[in-house]
Structures are given as C-alpha cells and as structure tokens.
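# A closer look at the structure
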Amino acid sequence: MKRDTAIFDLIDQELERQRHGIELIASENFTSLQVMEAMGTSLTNKYAEGYPGKRYYGGCEIVDQVEQLAIDRIKQVFNCAYANVQPHSGAQANAALMLAVLQPGDKILGLDLSMGGHLTHGSPVNFSGKYFKPSFYGVKKETGLIDYEILEEKARTEKPQLIICGASAYSRDIDYARIRKVADEVGAFVLCDMSHPAGLIAKGLLSSPFEHCHFVTSTTHKTLRGPRGGIILMKNDFENPFGLKDLKGNIRMMSNLLDMAVFPGTQGGPLEHVIAAKAVAFGELLSDEFTTYITQVQKNAQAMAKAFVAKDYQIISGGTDNHLMLIDLRNKNITGKKAQETLDKAHITLNKNAVPFDDKSPFVTSGIRVGVPAITTRGMKEKDMQTVVDFIDRILMDIDNEATIVTIKEEVKKFMGQFPLYPELA
Ligand code: DSN
C-alpha cells in the first residue's frame, strides 16, 4: 500500500511545532520515546475484552502479561491494592467510577468548574451533571483557597452520595482528611481525581489522597508523563455496601464493581497498545530519574510564580504548591483569550482560563493557566523560568505590536534549540 504522505507530513509538522515551541499547557507533557514506541505496535490489532486471565477472546496470553505488568507497576507506584488500567481517558475513568457507585439521580458534590474544577465533576454539559444531581463548592475570594466551610455546609445540606475533590486549575495542596471527615458524617464516598498533580503525589511532594479517599482516578498523560489514558485506583478494596452478590451468593468486592463498570459498563475492548505504553511509563515512574524530574517540576513552578509576581502578575492564591499557576490578567487589562492567541503567534502555548469569580465568559476569560511539566521534561531549570516569563511579559506588554511578536518568535525558536526533543527522530 502507498505510504499516506498526507498524514505523515502532518505528523512531521506537529513534531517540529512541538520542538520549536514553549509548551506551557499544564495538562501536557512529552513522553519518553519508548512510551511512544509501545503505542505504535501490533498490540493495537488485538481484541481483549475482559481482564487478564478472564478474556472473551482467544490469543490473549501476551496482552494478559502486558496488562498485568501495568497493573502491578502502578499499584507499586502508589502502594495501593487495586488498579484498573483500561479507562481510555480520565473522563472514562470518572464515568465508570460513577456507574459503579451511584444510581441515576444520586447527588454529587464537586469543585465548581469556574473555580478550577473539571467537566466530569458535575458540569451540566457533561454526563456527570445530566445523570446525577450536582452541587458545588468553590474557593474563597480573598485567598483563592478551597472554601472547606462551604464544602462542609453543602455536604450537610445536600447529603451527596459522592464528594469529588481534585481540580484542573488549582495550584495548592488539598486537605483530604477534612473532606473525608465530613463525608463520613453524611455517609458519602470520596473520589479524588488526581489527574493534574498525580506525578507529585507519586513522589510524596504533595499530600496523598490514598489514606482518605475511597477512590482515586487519574489521567496518565499529565504529570505521570505516560500515554493518553486513565486509571482507577483504591488504596484498600472493600465489600460493596449495596449488597450486590456474585453467582455463588458472595458479596461482591468494590474492585469487582469497578472492573465491571469499566468493562462491560462503559467501554468495550481495551487499548492494549496504550496499556503497554502505560506499563512503560509506570516503570519510569518507579525510577530515581522520575523523582529528579518531578522535584524539578515543583521547583520550576515556584521559580516561575516568583518571576511573574515580581512583574506584578496576580497569581490566584499568591503562588503554587504543584506544577501550575492560574494568573488573573485583569490588572494588566488583557483577556485570557487575547493573551492565549497572541502568545500562540510567538509559539508560546498555554490556555485561557476562567479565574474564580470571573466576570467574563468561558470563551473569553480573565486569566491564563500556566504549567511547567512539559518544559521541565525539555530540561529547563529555575533560571530558565525567568527567560520564559520575560518572553511572555514582553509580548503581553506590547500586545498589538506584530513586530515584537515576530522578533520573540525567532528568539523562542533559538532558545528552544538548547532543549532538544526526540533527537533520535529525524
Ligand atoms: N483538558 C484537561 C486539562 O487541560 O486540564 C482536563 O481534562
């Protein structure tokens, strides 16, 4: 068959785009070459509905070992008893979790999307807000920190079946013990969606949700630096409280309900080529090299926040504990949309983001979210954060000057030449 040059030319162009740009999207990263290699393999050809040792198809003896390795490695990373590595994404992981523990119409309590939460934590445009009754907590206006008093008040008045913590635009650690306390009081389960800070949690740089949350979900492609995908984890398995029994009349364990909620509940055949790449990434997570990397992520984020503050940028909560920061641009008279679009022209990529109590629409926003996992993978250190902030500030302070943008675009390209990406690829 003729090589599909249309597609492969575009793939080459995307690699060049990634090489030249400063990638500040907080949810993106660059996998190792072997993680990418594992994805482009014959494993994509295999159907394997079911789980290792219990499949609906023949010929699964190899993929069984692949999937079991992924399970064993991620259990070791987080020292937990249960892992399901089949969710195709973080959204799929959350959908399966909710299918396992909720009935349609049950109540959930999550962090408001406009305050840093996530679509799958109860947004009305998402399944989580359509099939369940959501209520929300937020952050305090004065501090930008989670308003635990409101969370407790909502938990007591709404009596949700599930309280969700975790965020996509929140730069501080989370008090899981406090959330679990009120959950126990009202009889709710607690889910932590640790998709964003998972890599920092893996190495003990942030509080662990595992001691306090019944369930933990994550994507695998953000700070965990694996392929696109999701996982569901539990520190300890336990008997399901709904009285559901297996064919022999034994009470089913929660792990069993979660497995059934992934397949056949919400997904069909697992993506074994992606699960192989997850296994490779989980192996990397266990290495000292990853510890060095993720420690540098936290140092870089703090150095970057300091550099922004020195130039009078307003960081929500005043700084960061993790890999990202949320910047309110209202004192600079710039919208998030304009900032994103202008920086993009100079190959500096980030996303516009609503800030707490934003007066602008989600399509415009007053802020930007900035993350350092990808540039840290490129090899940047604290001193480079100042350079990146200088580029951003020069553009934003002269936002309608096309000549400045063209000059900085060239400077960015030259700067990124110091941080090679996939040099093994032509
Ligand atoms: N899209 C992800 C992020 O950017 O945080 C969340 O799903």
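Further up the page is the structure itself.
Presented here is an overview of the structure given in this document. (Residues numbered from 1 in each chain as written. Predicted model: local features only at pLDDT ≥ 70, side-chain atom pairs only at ≥ 80, totals over all residues. Heavy atoms only, no water.)

## Things to note about the overall build of the chain
Counting secondary structure elements, the chain contains 15 helices and 15 strands. Scaling as 2.2 N^0.38, a compact globule of 426 residues should have a C-alpha radius of gyration of about 22 Å, and the chain matches this with 22 Å. Structurally, the chain occupies a C-alpha span of about 75 × 60 × 35 Å along its principal axes. Per-residue burial for the chain yields a buried fraction of 54% across its 426 residues. For the chain, the share of sequence-separated contacts (at least 6 apart) that also reach a separation of at least 24 residues comes to 72%. As presented, the chain carries roughly 18700 Å² of accessible surface, and 53% of it is formed by carbon and sulfur atoms. A gap of 1 Å separates the mean positions of the 48 positive and 52 negative side-chain charges of the chain. (Helix = DSSP H or I, 4+ residues; strand = E, 2+ residues; numbered from the N terminus. Rg over C-alpha atoms; globule rule 2.2 N^0.38 Å. Buried < 20%, exposed > 50% of the residue type's maximum accessible area, 1.4 Å probe, protein only. Contact = heavy atoms within 4.5 Å. Areas by Shrake-Rupley, 256 points an atom, 1.4 Å probe, with all protein chains shown as cover. Lys, Arg positive; Asp, Glu negative; His and termini not counted. Charge placed at Lys NZ, Arg CZ, Asp CG, Glu CD.)

## Focus on the environment of Met234
Here Met234 lies in strand E10 (residues 230-234). Met234 sits in the buried class, given a relative accessible area of 0%. C-alpha separation for the pair Met234 and Lys75, spaced 159 residues apart in sequence, amounts to 9.0 Å. Once residues within four sequence positions are removed from consideration, Met234 is found in contact with Cys80, Ala81, Tyr82, His214, Phe215, Met254, Ser255 and Leu258.

## Some thoughts on the pairing of strand E7 (residues 162-165)
Residues Leu162 and Ile164 line one face of E7 and the alternating positions Ile163 and Cys165 line the opposite face, and both faces are buried. Note: strand E5 (residues 107-111) against E7, 2 bridges, orientation parallel. Paired with Ile108 across the two strands is Leu162, which belongs to E7. Relative to strand E8 (residues 189-193), E7 runs parallel, the two sharing 4 bridges. Among the inter-strand pairings, Ile164 is bridged to a residue of E8, identified as Leu191. Once the chain exits E7 it traverses helix H7 (residues 176-186) before rejoining the sheet at E8, and the crossover so formed is right-handed. (Pairing = 2+ DSSP bridges. Right-handed = clockwise from strand over helix to strand, strands pointing away.)

## Here's the deal with the site of the ligand
Neighbouring residues of the ligand: Ser27, His118, Ser168, His196, Lys222 and Arg369. In the environment of the ligand, an oxygen atom lies 2.7 Å from a nitrogen or oxygen atom belonging to the side chain of Ser27. Separating an oxygen atom of the ligand from a side-chain N or O atom of His118 is a distance of 2.7 Å. Contact with the protein chains covers 63% of the free accessible surface of the ligand, which is 230 Å². Partitioning the shell around the ligand into residue classes produces no nonpolar, 4 polar and 2 charged. (Near = heavy atom within 4 Å. Polar contact = N/O pair within 3.5 Å; in protein donor to acceptor, adjacent residues only side chain to side chain. Nonpolar A, V, L, I, M, F, W, Y, C, P; charged D, E, K, R; others polar.)

## Let's talk about the packing of aromatic side chains
For the structure on display, the rule yields 11 aromatic pairs. Considering the side-chain rings of Phe189 and Phe242, the 6.4 Å spacing of their centres and the 70° angle between planes classify their relative orientation as edge-to-face. With Phe189 in strand E8 and Phe242 in the loop between E10 and helix H9 (254-266), the pair connects residues that are 53 residues apart, well separated along the chain. For Phe189, a relative accessible area of 13% puts it in the buried group. Pairwise contacts between aromatic rings join Phe189, Phe215, Phe238 and Phe242 into one cluster. It is Arg225 that lies over the ring of Tyr293; its NZ or CZ is 3.8 Å from the centre. (Phe/Tyr/Trp six-rings, centres within 6.5 Å; stacked < 30°, edge-to-face > 60°. Lys NZ or Arg CZ within 6 Å of the ring centre and 35° of its normal.)

## Some remarks on the nonpolar core
Membership of the largest hydrophobic core comes to 99 residues, with the highest contact counts inside it found for Ile22, Leu24, Ile74, Phe78, Leu233, Met304 and Phe308. Top contributing element to this core by residue count: helix H11 (residues 288-310), with 10 residues. Aside from chain neighbours lying at most four places away, what touches Phe78 is Met194, Ala198, Ile201, Ala202, Phe210, Leu224 and Leu233. Membership of the second largest hydrophobic core comes to 24 residues, among which are Tyr82, Ala96, Ala100 and Leu191. (Core = buried A, V, L, I, M, F, W, Y, C linked by side-chain atoms within 4.5 Å.)

## Digging into the packing of helix H12 (residues 336-345) against helix H14 (residues 382-396)
Two elements in contact, H12 and H14, have axes whose closest approach is 10 Å; the angle formed by their N-to-C orientations is 115°. Compared by their axis directions, H12 and H14 come out roughly perpendicular. In this structure, the crossing between H12 and H14 has a hand that is right-handed. Between H12 and H14, the residues in contact are Ala339, Thr342 and Leu343 and Ile392, Ile395 and Leu396, respectively. Residue composition of the contact of H12 with H14, by class: 5 nonpolar, 1 polar and no charged. (Axes fitted to C-alpha atoms, helices over the stretch in contact; angles between N-to-C directions. Parallel < 35°, antiparallel > 145°, perpendicular 65-115°, else oblique. Left-handed = near helix turned anticlockwise from the far one by under 90°.)

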